[in-house]
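What follows is each chain in one-letter form.
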Amino acid sequence: MQKPSVLSGIQPTGPLHIGNYLGALKNFVNLQNSEEYRTLFFIADLHSLTENFDSKNKPTQVLDIAASFLAAGLDPKLSTLFIQSQVPPHSELAWILSTITPMGELSRMTQYKDKADRMDNNVGLFTYPTLMAADIILYDATFVPTGDDQDQHLELTRTLVRKFNAKFGQTFVEPKNLHTELPRVMSLTNPEKKMSKSEPAGCVFIDDSQEVMTKKIMSAVTDSGSEVVSREDKPGISNLLRITSTLTEKPVAELEALFKGKNYGEFKKYVAQVTNDYFAPIRERKAKLMKTSEKVLKIFTDGSAQANKIAQKKMSDVKSKVGLV
Ligand code: AMP
């Protein structure tokens, strides 16, 4: 019997930050290595066209995510790794799904509202969740590992699956989201907001040098007082504690005990050390991979051919269900 499928993607819109890693990529690797699932991970380049699209830099951004996937531990022998735009059924299915997607549901999406306020408000930004639904259900994905900012999109995907199945007969599987223990890493400069590529100053990027990482963490916004404890009125320290706990696999309470009576500066020095130690090997592997760009891209192009086989089969079923000849 086929294992349940896990699928997720990341947009090539710049280097990955530790929120992308701790909220998503780390989980991709764990799920792959569990060997309990059929795993598929892709570079969401079609999605990335909706944001400040930069055609000159796009190939480098795609290569950057490809190398990050491999450096973090994704392995083409265990997972299908591919590029979304190389698998045309994603766009085809997105169109069909758009015809059963209520405008009202799309207008309610918080990510759309947030992005439309900040950038060029294009139709692609509005229909982004329909393409995301297509990405997922083309492969009958049962689980989708993402940060919690994607929960609303997953909910819409489930709605569309139910709607399509009711209208045209059982075709798609309803996916569930899978979160890590840290589904929302907060910004270092504004710990009330999530860490986001759109606000680079608040991000620690996984390939920041040791010097830059240390500088960013040492100057992270902290709260009034001096106690290193996780509390609602201490969003800055709580965020650093959660990040450190995930990286060291030490419970937050143990870290609080370790820093009892010590000040924020001593704690931040420790956070910087732990973060550097964790990401240094990934950074080194990635730097090496970036030098073999053709080999890296070939891995993804080969993966796209595999993905096409699965996706095209599903599309023929969909087309016949909706009556396209
Ligand atoms: P994107 O860059 O929007 O394609 O996001 C890639 C993945 O990273 C998605 O699964 C997001 O949910 C996740 N992600 C983005 N920002 C954060 C964050 N600050 N904390 C946790 N997960 C995040």
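Look a little higher up for the structure.
Summarised in this report is the structure supplied together with it. Just so we're clear, the structure is a prediction, and the values are computed from it rather than from any experiment.

1. A word on the pattern of salt bridges
Thinking step 1. Within this structure, the stated rule accounts for 17 salt bridges.
Thinking step 2. One salt bridge in this structure joins lysine 115 and glutamate 51, with 2.6 Å as the shortest N-O distance. With lysine 115 in helix H6 (residues 110–118) and glutamate 51 in the loop between helix H2 (45–48) and helix H3 (58–72), this residue pair connects regions lying 64 residues apart in the sequence. Of the two residues, lysine 115 and glutamate 51, both sit in the buried class.
Thinking step 3. Between aspartate 148 and arginine 184 there is a salt bridge, with the nearest N and O atoms lying 2.7 Å from each other. With a gap of 36 residues between them, aspartate 148 in the loop between strand E4 (141–145) and helix H8 (151–168) and arginine 184 in the loop between strand E5 (176–178) and helix H9 (210–218) connect regions that are remote in the sequence.
Thinking step 4. Judged by its relative accessible area of 23%, aspartate 148 is partly exposed.
Thinking step 5. One continuous salt-bridge network, built from bridges that share partners, spans Asp64, Asp207 and Lys286.

2. Observations regarding the pairing of E4
Thinking step 1. Judged by how many residues are buried, E4 sits mostly within the fold: five of five residues are covered.
Thinking step 2. Here strand E1 (residues 5–10) pairs with E4 via two bridges, running parallel. Along E4, the bridge assignment pairs serine 5 with alanine 141.
Thinking step 3. With three bridges joining them, E4 and E5 adopt parallel strand pairing. Across the sheet, residue phenylalanine 143 finds its bridge partner in E5, namely lysine 176.

Calculation criteria
Residues numbered from 1 in each chain as written. Predicted model: local features only at pLDDT ≥ 70, side-chain atom pairs only at ≥ 80, totals over all residues. Heavy atoms only, no water. Salt bridge = Lys/Arg side-chain N within 4 Å of Asp/Glu carboxyl O. Helix = DSSP H or I, 4+ residues; strand = E, 2+ residues; numbered from the N terminus. Buried < 20%, exposed > 50% of the residue type's maximum accessible area, 1.4 Å probe, protein only. Pairing = 2+ DSSP bridges.

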